[in-house]
Amino acid sequence: MQAIRNLTLVLSVMLMAGCSSFTGKTSPALSRDAQWGIVPLVNYSQTPQAGERSEQILLSVLSSKGLQPQVYPASVQGEQALLDDNERLNSALEWARQQKLDYVVAGSVEEWQYKNGLDGEPAVGISLRVIEPATGRVLWSKSGARAGWSRESLAGSAQKVLNKLVGGLRVE
């Protein structure tokens, strides 16, 4: 009987670990007192505005870590920037240099959808990187993906992924 319980526990742990995946390098120590910013997340998913939705969740996750980043204002963006995420990102990095920000958090959304089937699980894939705007150097990067449970929301899954990603930042 004890063996069955142990086997059940091991299988449960393996099942839970199989629902998410994270890769990336170790973060250098980054100053909490530095000037931080958030620039647009490029949307590679098939869901419109997934990048903008992720940015809003990212803002609250960074705030919970004690950071109060400046956000690239939507009013600065032109028509072309609204259609081309890479153009939007390049304009935002120029804005970050003008604002003299020390670090900006950028990234991309690779997946943002409910999977097909009876359960319709949410699936989220996000990559983040911390860039030094003055040099364009990437100081840290990490990617994460998660398939949630059938009654979980996309935003809830995204928040879990972003919490785990941002949790890897060494902010001192």
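Everything that follows concerns the structure shown earlier in this document.
Worth saying up front: this structure is predicted, and the values here are computed from it rather than measured. Each residue is numbered by its place in its chain's sequence as written, counting from 1. Given that this is a predicted model, residues contribute local features only at a pLDDT of at least 70 and side-chain atom pairs are listed and counted only at 80 or more, while totals for whole chains, interfaces and linings are drawn from all residues. Calculated side-chain values reflect all of the structure's heavy atoms, with hydrogen atoms and water omitted.

### Let's talk about the nonpolar core
In summary, soluble globular proteins display a tendency toward joint burial of nonpolar side chains.
Item 1. Counting 29 residues, the largest nonpolar core has W36, L128 and V130 as the members making the most contacts within it.
Item 2. Each helix is a run of DSSP H or I of at least 4 residues and each strand a run of E of at least 2, with the numbering of both proceeding from the N terminus. Looking at this core, the elements that each hand over two or more residues are β3 (36-43), α2 (50-64), β5 (103-114), β6 (122-132), β7 (137-147) and α5 (154-167).
Item 3. In terms of residues, this core owes the most to one element, α5, which gives six residues.
Item 4. By the convention used here, residues are in contact when the closest approach between their heavy atoms is within 4.5 Å. Not counting residues up to four positions away in its chain, the partners in contact with W36 are L30, S31, L67, P69, Q70, L101, Y103, V105, V130 and V171.
Item 5. Counting twelve residues, the second largest nonpolar core, distinct from the first, contains V42, Y72, A92 and V104. Definition of nonpolar core: a set of buried residues of the types Ala, Val, Leu, Ile, Met, Phe, Trp, Tyr and Cys, connected through side-chain atoms within 4.5 Å. In this scheme, a residue with accessible area under 20% of its type's maximum is buried, one over 50% is exposed, and one in between is partly exposed, where area comes from a 1.4 Å probe on protein chains only.

### Observations regarding the packing of α2 against α5
Item 1. Here, axes are lines fitted to C-alpha atoms. For helices the fit covers the stretch in contact, and angles between N-to-C directions go from 0 to 180 degrees. Look at α2 against α5: their axes get within 10 Å of each other, and the N-to-C directions meet at 50 degrees. Judged on the interaxial angle alone, α5 and α2 are oblique. You can see that α2 and α5 cross each other, and the crossing is right-handed. Facing α2, whose interface residues are S54, I57, L58, V61 and L62, α5 presents A155, A158, Q159, L162, N163 and V166.
Item 2. Classification convention: Asp, Glu, Lys, Arg as charged; Ala, Val, Leu, Ile, Met, Phe, Trp, Tyr, Cys, Pro as nonpolar; all other residues, Gly among them, as polar. The residue inventory of the contact of α2 with α5, partitioned by class, reads eight nonpolar, three polar and no charged. For this classification, under 35 degrees means roughly parallel, over 145 means roughly antiparallel, 65 to 115 means roughly perpendicular, and everything else is oblique. Note on convention: the crossing is left-handed when the near helix lies turned anticlockwise from the far helix by less than a right angle, right-handed when the turn is clockwise.

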